Amino acid sequence: MFGPTGGLGMNPTMDDMNLIQQAQRHQLVVSNLGEEIDLEIGPGDDDPSFANNPLIPREPSTGEHDETKHMVVVSDIPGEDHDMSKGQPAKRKKKVVKRWREEWADTYKWAYVDVKDGTARIFCSVCREYGRKHRRNPYGNEGSKNMQMSALEEHNNSLLHKEALRLQMASKDKIVVDKPIYLKTLMSKSAGSIVEGTMKRDPHEIEFLQSVQEAVHALERVIAKNSHYVNIMERLLEPERMIVFRVPWVDDRGETHVNRGFRVQFNQALGPCRGGIRFHPLMNLSIAKFLGFQQTLKNALSPYKLGGAAGGSDFDPRGRTDSEIMRFCQSFMNEMYRYLGPDKDLPSEEMGVGTREMGYFFGQYRRLTCQFQGSFTGPRIYWAGSSLRTEASGYGVVYFARLMLADMNKELKGLRCVVSGCGKIAMHVVEKLIACGAHPVTVSDSKGYLVDDDGFDYMKLAFLRDIKAQQRSLRDYSKTYARSKYYDEAKPWSERCDVAFPCASQNEIDQSDAINLVNVGCRLLVEGSNMPCTVEAVDVLRKANVLIAPAIAAGAGGVAAGEIEVLRECNSLQWSAEDFETRLQEALKQTYEKALKAANDFGYQKESPEALVHGATIAAFLNIAQAMTDQGCV
């Protein structure tokens, strides 16, 4: 990636596994919060040779980080500067003491203190350079504070550091591809070989590897009974088609931008693909494959025989105008339209993509293909869509929880429920919980969570929606309702609850969060988002006998609604809300019963916390495996 320069360089064979290890070392910065660092600020002259020096990653020094506390950083002034300054009075250096405060932790992600040649330096955590050798060092001697901050921003926006940040976030969840320790104790040799093959082929796709490990673990008894399924699973884990493309677009100022688009058509053995499109700055091929694999299982488990797909872009719609989003969606569809169609692939909403974006997609699709497929867009009733299409996913999650509680001779009424997220699914989960008489008390966003011990009602829910529509903080809710409280940089899993509904994003519940849920009395967790729990979190919940409703089963409401739309009669008839809910509840009931039956067939008792998770995966896989076997090696 970067060539060696002079005596410094890196091993050309260094791969992303080293980046993972480097990213894990970033935690050193967080662990040193509150410590004082002495900085000696020099004259501030830039090194003219820097423009000719590339950013050269190299291995860090072997000095102990703990020995670098409270030490002085000396300016690195080249010898030439000493020669030029012999006849001039030396500029007096100013020692500045700054405290490494908590609010700096997110900004100065790439700095750490180490000893070099007996002197304490502040290094960049990725390229391992310091001072004048690395102009972008946030604490180096490169001039004014504004100049340093500007250089730091440029540094953090580089592609290398974006990737390192993604790996850092993955390492926080302890999903490290070279240490799948739990596989050795829980997997048979055949099942383990499937995961090992996937890891060897895609060693850097953290999210996809995690979803594969969870699925193979659930299928261990199936694979043990029939070795033929090993080959089927190996074929299934390689997507049929992966499309990665450039998405150029122009903003309102006339400036050109380029993003990357993805569409993974994972498997079509059961029928044409259905799956969401996600717009998020951290979107990548690994997440697209993970979402596509989850959607394949979800569609196979539903009453409707469909293939699975997923996609999106690293485009961030936040802060963009309608016209900018329209131009981006049109550019995205200029490439994607040739792979879409009612018998090929129909996309749906996902994170960052809603009614507005789907309308722009459909308009460009219709223009390019001269075809009108009203079901493509979904949310618009007056485009012959179903009347509760937008609400179906969130409502379905609550219906599934109600089915589980009914088997336990319980009901949702009066139960205290914790919900994460504040998007489409989370808001509709809260809405349906209110309708069922439950007591939802939390919602959350990327900056913290809101708790109202009095519980949300329809009026409060409408206020929450107004806040999000205006892109305001959930903190503003507390200004109106004094008994509520907003907690910064926190998750809602420490709040007392009977049922938890994670509806935000993947891996939002880690091991410590799972322990908190167990301690506060949670007995049921219903997944509204795909793979919301880390592997360690799932282990904690199972050992505590917390029942888990997997997303591939609880999320079947969106699949059912999408397929109802595609039915031909939906283009000439309007479903009433009551008719649609009846069909939706029936689809969820069939999904629930299918998962329990598969679990029972392979020896999992209904009361077991693994029953639904493993049963859902088994039932979905057997449907796909039968179709793939019948169709031959294709």
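Scroll up a little and you will see the structure.
Read on for an overview of the structure. (Residues numbered from 1 in each chain as written. Predicted model: local features only at pLDDT ≥ 70, side-chain atom pairs only at ≥ 80, totals over all residues. Heavy atoms only, no water.)

1. Looking at the overall build of the protein chain
Part 1: Scanning the protein chain from N- to C-terminus turns up 23 helices and 18 strands.
Part 2: Sorting the 634 residues of the protein chain into buried and exposed places 53% on the buried side.
Part 3: Put simply, the protein chain shows about 28700 Å² of open surface, and 49% of that area lies on carbon and sulfur atoms. (Helix = DSSP H or I, 4+ residues; strand = E, 2+ residues; numbered from the N terminus. Buried < 20%, exposed > 50% of the residue type's maximum accessible area, 1.4 Å probe, protein only. Areas by Shrake-Rupley, 256 points an atom, 1.4 Å probe, with all protein chains shown as cover.)

2. Some remarks on the pairing of strand β9 (residues 307-313)
Part 1: Among the seven residues of β9, seven are classified as buried, and the element is accordingly described as predominantly covered.
Part 2: Direction of pairing for strand β7 (residues 256-267) relative to β9: antiparallel, over a ladder of six bridges. Looking across to β9, one finds that Gly261 is bridged to Ser313.
Part 3: In the sheet, strand β8 (residues 273-279) pairs with β9 via five bridges, with the strands oriented parallel. (Pairing = 2+ DSSP bridges.)

3. Comments concerning the packing of helix α22 (residues 577-601) against helix α23 (residues 611-631)
Part 1: Between α22 and α23, whose axes approach to 7 Å, the crossing angle comes to 95°. Compared by their axis directions, α22 and α23 come out roughly perpendicular. Judged by residue contacts, Tyr592, Lys594, Ala595, Leu596, Ala598 and Ala599 of α22 engage Ala611, Leu612, Gly615, Ala616, Ile618, Ala619 and Asn623 from α23.
Part 2: Considering only residue class, the contact of α22 with α23 consists of 10 nonpolar, two polar and one charged. (Axes fitted to C-alpha atoms, helices over the stretch in contact; angles between N-to-C directions. Parallel < 35°, antiparallel > 145°, perpendicular 65-115°, else oblique. Contact = heavy atoms within 4.5 Å. Nonpolar A, V, L, I, M, F, W, Y, C, P; charged D, E, K, R; others polar.)

4. Quick look at the sheet that holds strand β18 (residues 547-549)
By definition, the strands of a sheet pair up through backbone hydrogen bonds, in either a parallel or an antiparallel sense.
Part 1: Read across the open sheet, the five strands follow the order β12-β11-β16-β17-β18; overall the sheet is parallel. Strands at the two margins of the open sheet, each flanked by one partner only, are β12 (439-440) and β18.
Part 2: Taken together, the two bridges between strand β11 (residues 416-419) and β12 define a ladder with parallel strand orientation. What sits directly across from Arg416, in β12, is His439.
Part 3: Sheet contacts for helix α15 (residues 424-435): β11, β12 and β16 (499-501); angle to β11, the most-contacted strand, approximately 170°.

5. Description of the packing of helix α8 (residues 206-218) against α23
Part 1: Interhelical geometry of α8 versus α23 gives an angle of 90° and a closest axis separation of 8 Å. Relative to α23, the element α8 is oriented roughly perpendicular. Every residue of α23 that contacts α8 at Ala215, His217 and Ala218 is listed here: His614, Thr617 and Ile618.
Part 2: Class assignment of the residues belonging to the contact of α8 with α23 gives a composition of three nonpolar, three polar and no charged.

6. Focus on the nonpolar core
Part 1: Counting 102 residues, the largest nonpolar core has Met233 and Phe501 as its most contacted members.
Part 2: The element that contributes the greatest number of residues to this core is α23, accounting for 11 residues.
Part 3: Once you skip the residues sitting within four places of it in the chain, Met233 turns out to touch Ile194, Ala215, Val216, Leu219, Phe293 and Phe621. (Core = buried A, V, L, I, M, F, W, Y, C linked by side-chain atoms within 4.5 Å.)

7. Topic: the pattern of salt bridges
Part 1: Counted by the stated rule, this structure contains 29 salt bridges.
Part 2: Between Arg356 and Glu357 there is a salt bridge; the shortest N-O distance is 2.9 Å.
Part 3: Across the pair Arg542 and Glu610 runs a salt bridge, and its minimum N-O distance is 4.0 Å. With Arg542 in helix α19 (residues 535-543) and Glu610 in the loop between α22 and α23, this pair connects stretches of sequence that are 68 residues apart. (Salt bridge = Lys/Arg side-chain N within 4 Å of Asp/Glu carboxyl O.)

8. Overview of unusual backbone geometry
Part 1: With phi around 50°, Glu489 is a residue other than glycine that occupies positive phi space.
Part 2: Tracing the chain through its elements places Glu489 in the loop between β15 (484-488) and β16.
Part 3: Given the relative accessible area of 64%, Glu489 is considered exposed.

9. Some words on helix α13 (residues 355-369)
Residues that lie three or four places apart on an α-helix share one face, since the helix turns once every 3.6 residues.
Part 1: Compared with an ideal rise of 1.5 Å per residue, which puts 15 residues at 21 Å, α13 spans 21 Å between its outermost C-alpha atoms and is within 8% of the ideal.
Part 2: Regarding α13, the residues found buried are Glu357, Met358, Gly359, Phe361, Phe362, Gln364 and Tyr365.
Part 3: Elements in contact with the buried residues of α13: β8, α12 (322-336) and β10 (345-349).
Part 4: Looking at the residues trailing α13, positive phi occurs at Cys370, about 60°. (Expected span 1.5 Å × (residues − 1).)

10. Details of the environment of Leu622
Part 1: Relative to the elements of secondary structure, Leu622 occurs in helix α23.
Part 2: Apart from residues lying up to four places away in sequence, Leu622 is in contact with Val222, Tyr229 and Phe602.

11. Here's the deal with the side chain of Gln294
Part 1: Mapped onto the secondary structure, Gln294 falls in helix α11 (residues 285-301).
Part 2: Assessed through its relative accessible area of 9%, Gln294 is described here as buried.
Part 3: Those residues in contact with Gln294, other than ones at most four positions away along the chain, are Ser211, Asn530, Met531 and Ile552.

12. Description of the state of the cysteines
In protein chemistry, a disulfide is the covalent bond that joins the sulfur atoms of two cysteines.
Part 1: Tallied over the full model, the rule gives zero disulfides.
Part 2: Free of any disulfide, Cys522 has its nearest neighbouring cysteine sulfur in Cys497, separated by 4.2 Å.
Part 3: Assessed through its relative accessible area of 0%, Cys522 is described here as buried. (Disulfide = S-S within 2.5 Å.)

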